[in-house]
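As a plain string of letters, each chain reads:
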Amino acid sequence: MFLSTGQAHVSFYGFLEIGWHPHLFPSPILQEASDGEGGGDVEMTQQETAPVPVQSKKTKQPKECFLIQPKETKEDATKTRKRRKKKITDILAKSEPKPGTPEDLQQLMKDYYSSSRSVIELEELKLPDSCFLKANDLTHSLSSYLKEICPKWVKLRKNHTEKKSVLMLVICSSAVRALELIRSMTVFRGDSKVIKLFAKHIKVQEQVKLLEKRAVHLGVGTPGRIKELVKQGGLNLNPLKFLVFDWNWRDQKLRRMMDIPEIKKEVFELLEMGVLSLCKSESLKLGLF
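Residues numbered from 1 in each chain as written. Predicted model: local features only at pLDDT ≥ 70, side-chain atom pairs only at ≥ 80, totals over all residues. Heavy atoms only, no water.

K.L.:
So what about the overall build of the protein chain? Which residues, and what values?
P.N.:
A count of helices and strands for the protein chain gives 14 helices and 5 strands. The proportion of buried residues among the 289 residues of the protein chain is 32%. Sequence-distant contacts in the protein chain: of pairs separated by 6 or more residues, those separated by 24 or more amount to 72%. As presented, the protein chain carries roughly 19800 Å² of accessible surface, and 55% of it is formed by carbon and sulfur atoms. (Helix = DSSP H or I, 4+ residues; strand = E, 2+ residues; numbered from the N terminus. Buried < 20%, exposed > 50% of the residue type's maximum accessible area, 1.4 Å probe, protein only. Contact = heavy atoms within 4.5 Å. Areas by Shrake-Rupley, 256 points an atom, 1.4 Å probe, with all protein chains shown as cover.)

Here's what the structure looks like:
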């Protein structure tokens, strides 16, 4: 079937307006079907000539396997962190407090000097057992303990007139602890002259002037400042009769004074500045409070 130009033009726009019509624009597939068996079989022919493709089963492709690690919760992270950063505070918190003994001090000295001293030198550093007083069994206050180890204190302090020296030294870990100890020994000290031997808010020269001015009976302080006073000649250790370590007290982190590396180092340096020789001559006694 042929159409003139005008009909084709109208039919083209008619196609755009009304859509495609099979009688006006038959498709080749429908044309062949009508030429053959008739128009009644158009739909059948269309289905046969354009079959719907059967969906083939998709071949399963191999998949990669990944091991998914479980997400770490905050609690697990905290537990892991605690295990990695185990501190001495955690260990001490679980352990029962035990009173210090002379053997503890001897062992600490041996461990401290073992890497830098020979066997012979270690023997020379060993303190004689006779220089140790009875240790605190954790039942004493400072006043009651000092009364027990020094029952003749009143007589001793009356006879002491030498300046730049003390009869008794109490060594602790900090200035705050030194003030607590001075307050707690009120019953024992009586009229004794007491001097604070620590660095906080007090200059070395001020302490030297106080020691030169009058006779002092008791000194309470830290090993670092006491060592500095001995080094500068402001404090003479020869008249010293009692040296007491604040051994069993623990700070907020549950550390004893000898658990702090800086304090331990200063204590041993002080012992080598004349204390060891005084102990061996039995003129000086050591106590562990």
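K.L.:
Outline the pattern of salt bridges, supporting the account with residue identities and numerical values.
P.N.:
Going through the model one piece at a time under the given rule, you end up with 8 salt bridges. Among the salt bridges present, the one from Glu-272 reaches Arg-117, with a minimum N-O distance of 3.1 Å. In this pair, Glu-272 sits in helix α14 (residues 261-280) while Arg-117 sits in the loop between α6 (102-113) and α7 (119-125), placing the two residues 155 residues apart along the sequence. What makes Glu-272 partly exposed here is its relative accessible area of 37%. Judged by relative accessible area, which is 26%, Arg-117 ranks as partly exposed. Salt-bridge contacts for Glu-148 lead to Lys-134; the nearest nitrogen and oxygen are separated by 3.2 Å. Linking Glu-148 in helix α8 (residues 142-149) with Lys-134 in the loop between α7 and α8, this pair joins segments that are 14 residues apart in sequence. (Salt bridge = Lys/Arg side-chain N within 4 Å of Asp/Glu carboxyl O.)

K.L.:
Requested: an account of the side chain of Ser-143, with residues and values cited.
P.N.:
Turning to its location among the elements, Ser-143 is positioned in helix α8. Among the polar contacts made by the side chain of Ser-143, one reaches the main-chain amide nitrogen of Phe-188 at a distance of 3.5 Å. (Polar contact = N/O pair within 3.5 Å; in protein donor to acceptor, adjacent residues only side chain to side chain.)

K.L.:
Can you break down the pairing of strand β3 (residues 218-221) residue by residue, with the values?
P.N.:
Alternating residues of β3 divide into Leu-218 and Val-220 and Gly-219 and Gly-221, and every residue in both groups is buried. In the sheet, strand β1 (residues 168-171) pairs with β3 via 4 bridges, with the strands oriented parallel. Residue pairing in the sheet places Val-170 in a bridge with Val-220 of β3. Handedness of the strand β2 (residues 194-197)-helix α12 (residues 204-213)-β3 crossover: right-handed. (Pairing = 2+ DSSP bridges. Right-handed = clockwise from strand over helix to strand, strands pointing away.)

K.L.:
Give me the packing of aromatic side chains: which residues, what numbers.
P.N.:
In the structure shown here, the tally under the stated rule is 5 aromatic pairs. Among the aromatic residues, ring-to-ring pairing joins Tyr-112, Tyr-113 and Phe-268 into one connected group. (Phe/Tyr/Trp six-rings, centres within 6.5 Å; stacked < 30°, edge-to-face > 60°.)

K.L.:
Report on α12, specifying residues and quantitative values.
P.N.:
Restricting attention to buried positions, one finds in α12 the residues Val-204, Gln-207, Val-208 and Leu-211. Here the buried residues of α12 occupy an arc of 105° about the axis, which is enough to place them on one side. Set apart from the buried face of α12 by more than 90 degrees, the exposed residues are Lys-209 and Lys-213. Elements that come into contact with the buried residues of α12 comprise β2 and α13 (223-231). (Arc of directions from axis to C-beta.)

K.L.:
I'd like a rundown of the sheet that holds strand β5 (residues 285-288), residues and numbers included.
P.N.:
Spatial strand order, β2-β3-β1-β4-β5: 5 strands in an open sheet with parallel pairing. Every interior strand has two partners, whereas the edge strands, β2 and β5, have only one. Neighbour-to-neighbour, the strand axes of this sheet turn through a mean angle of 20°, independent of strand direction. Along the sheet face, α14 touches β1, β4 (242-245) and β5 and points at about 145° away from the line of β4. (Axes fitted to C-alpha atoms, helices over the stretch in contact; angles between N-to-C directions.)

K.L.:
How would you explain the pairing of β1 if you had to name every residue and give the values?
P.N.:
What you see with β1 is no split at all: Met-168 and Val-170 on one side and Leu-169 and Ile-171 on the other are buried throughout. Sheet topology places β1 next to β4; 4 bridges connect them, and they run parallel. Residue pairing across strands places Leu-169 opposite Leu-243, the latter belonging to β4.

K.L.:
Which residues make up unusual backbone geometry, and what values go with them?
P.N.:
At Leu-138, a residue that is not glycine, the phi angle is positive and equals roughly 75°. Backbone geometry places His-201, a non-glycine residue, at a positive phi of 65°. As for its placement among the helices and strands, His-201 is situated in the loop between β2 and α12. The exposure class of His-201 is exposed, given its relative accessible area of 74%.

K.L.:
How would you explain the packing of α12 against α13 if you had to name every residue and give the values?
P.N.:
At their nearest, the axes of α12 and α13 sit 11 Å apart, and the two run at 65° to each other. Viewed along their axes, α12 and α13 form a crossing whose handedness is right-handed. Contacts from Val-204, Gln-207 and Val-208 of α12 reach α13 at Arg-225, Glu-228 and Leu-229. (Left-handed = near helix turned anticlockwise from the far one by under 90°.)

K.L.:
Requested: an account of the nonpolar core, with residues and values cited.
P.N.:
Note that soluble globular proteins tend to have their nonpolar side chains buried in a common cluster. With 40 residues, the main nonpolar core has Leu-105, Met-109, Leu-127, Leu-243, Phe-245, Leu-271 and Leu-286 as its most contacted residues. Counting only elements with at least two residues in this core, the list comes to α6, β1, β2, α12, α13, β4, α14 and β5. Setting aside anything within four residues of it in sequence, one finds Leu-271 in contact with Met-109, Leu-243, Phe-245 and Leu-276. The next biggest cluster of nonpolar side chains, apart from the first, holds 23 residues, and it includes Tyr-145, Ile-182, Met-185 and Phe-242. (Core = buried A, V, L, I, M, F, W, Y, C linked by side-chain atoms within 4.5 Å.)

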